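For reference, the chains in residue letters:
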Amino acid sequence: MADYNLSHLDQLEAEAIFILRETAAQFENPGLLFSAGKDSIVMAHIARKAFYPSRIPFPLVHVDTGHNFPETIAFRDAYAEKIGARLHVGLVQDSIDKGTAVEETGLNASRNKLQTVTLLETIEEQQYDAVLGGGRRDEEKARAKERFFSHRNDFGEWDPKNQRPELWNLFNGRKQPGENFRVFPLSNFTEMDVWMYMKQEGIELPSLYYAHQRDTITRNGVILAVSEFVQPREGELVENKMIRFRTMGDATITGAVESGADTIEKIIDEVAAARQTERGNRADDKRSETAMEDRKKEGYF
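Residues numbered from 1 in each chain as written. Predicted model: local features only at pLDDT ≥ 70, side-chain atom pairs only at ≥ 80, totals over all residues. Heavy atoms only, no water.

**Student:** It is not clear to me how unusual backbone geometry should be interpreted in this structure. Could you clarify?
**Tutor:** Excluding glycine, residues mostly have negative phi values, and the peptide bonds linking residues are mostly trans. Omega for the peptide link from Y52 to P53 comes to 10 degrees, which places this bond in the cis form. When you line up the elements, P53 lands in the loop between α2 (38-51) and β2 (60-64). Non-glycine residue Q127 carries a positive phi angle of around 60 degrees. For Q127, the location among the structural elements is in the loop between α5 (115-126) and β4 (130-132). By relative accessible area, which is 56% here, Q127 ends up exposed. In this model, N220 sits at a positive phi of 55 degrees, which is unusual for a non-glycine residue. Following the sequence through the fold, N220 ends up in the loop between β7 (212-219) and β8 (222-225). (Helix = DSSP H or I, 4+ residues; strand = E, 2+ residues; numbered from the N terminus. Buried < 20%, exposed > 50% of the residue type's maximum accessible area, 1.4 Å probe, protein only.)

Following this line, the structure appears as structure tokens:
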């Protein structure tokens, strides 16, 4: 007799599988955003289970700022090859070269905001009518306003006050020509759920998520790894610290935490004791209180 006493993680996985299959059923040409961050890796892993024994029916889509950690790019390429997925990379540099995006200047310049332009151009060029993202509602207050199926108008804009109701697991993917959707299968996962699920499933991650020694600087309260993209300024002290990253992104704005957690079990203990969200060390979110929501309204995922 079937066992219907599913664990909490099994229920979350079943919900994500349902959303992924609904996406495949309701849309003609979806893409799965894949940054080689932990949430996108979990989403891709669940997608493999959702459509097994077939391959994932969506291409992996990465919007690359050109300022990513080398470990992240290496993992991205190896993972796509391992699972036999198509990989499409939209380059922020291409948008800059075309003149559709303008490189920021100044001390705190970053390409992170320019991802929105490249994402919208990639959606238009590839004719994606839905883009799957690994966003979770517990990450940030703007994320908490999202539905599973998040409608975007023909300019790629998001209106949080005009979202469609999602009652009884009914999802409305109707759209007008030029419109598209962002879809978030992991919406109800928390950071702890993600780590517990990765432990349960034995999911591999980029080494940056685990504690390691690295030269760092502390800028505006954020620990940044020294790299070709982040160089110490006058008066900044370079310190070699044992750190890890809770979230992954552009190296110029992705902050680290001091940590000795070099195994998934230690990370789970650390997350359980944390009093700051994982995006608390993202320098881009500190630009204003509504930084994330402003970007989402412009078309950011």
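Still more ground to cover, so stick around.
**Student:** What is the right way to look at the pattern of salt bridges in this model?
**Tutor:** Enumeration over the complete set of coordinates arrives at 17 salt bridges. Measuring nitrogen to oxygen at the nearest pair gives 2.7 Å for the salt bridge that ties K49 to E13. On the criterion of sequence distance, the pair formed by K49 in helix α2 and E13 in helix α1 (residues 8-26) is long-range, its members being 36 residues apart. We note a salt bridge from D39 to K38, for which the minimum N-O separation is 3.9 Å. Here D39 and K38 have matching classes, each one buried. (Salt bridge = Lys/Arg side-chain N within 4 Å of Asp/Glu carboxyl O.)

**Student:** Would you mind showing me how to read the packing of aromatic side chains here?
**Tutor:** Here a ring pair, both rings aromatic, is described through the centre-centre distance and the interplanar angle of the planes. Under the defined criterion, the tally for this structure stands at nine aromatic pairs. Aromatic side chains F27 and F149 sit 5.6 Å apart centroid to centroid with 50 degrees between the ring planes, which places their arrangement in the tilted category. One end of the pair, F27, is in the loop between α1 and β1 (30-33); the other, F149, is in strand β5 (residues 149-152), and 122 residues separate them in sequence. For the pair shown, F27 and F149 are each scored as buried. Relative to Y197, the ring of F189 lies with its centre 6.1 Å away and its plane at 85 degrees, an arrangement referred to as edge-to-face. The residues F189 and Y197 share a single accessibility class, namely buried. (Phe/Tyr/Trp six-rings, centres within 6.5 Å; stacked < 30°, edge-to-face > 60°.)

**Student:** What is the right way to look at the sheet that holds β4 in this model?
**Tutor:** Note: strands within a sheet are paired through backbone hydrogen bonds, in either parallel or antiparallel orientation. Taken in spatial order, the six strands of this open sheet run β3-β2-β1-β4-β6-β5, and their pairing is mixed. Single-partner strands in this sheet number two, and they are β3 (87-91) and β5. Between one strand axis and the next, the sheet turns through 30 degrees on average, direction left out of account. Taken strand by strand, α1 contacts β1, β4, β5 and β6 (180-183), and its axis lies near 40 degrees from that of β5. (Pairing = 2+ DSSP bridges. Axes fitted to C-alpha atoms, helices over the stretch in contact; angles between N-to-C directions. Contact = heavy atoms within 4.5 Å.)

**Student:** Teacher, can you tell me more about the sheet that holds strand β10 (residues 257-258) here?
**Tutor:** Strand order in this open sheet of four strands is β8-β7-β9-β10, and the pairing throughout is antiparallel. Bordering the open sheet on either side are β8 and β10, each of which pairs with just one other strand. Here two bridges tie strand β9 (residues 239-244) to β10, and the two strands are oriented antiparallel to one another. Residue R244 lies in a different strand from β10, and its bridge partner there is V257.

All quantities given are derived from atomic positions and should not be read as evidence of function.
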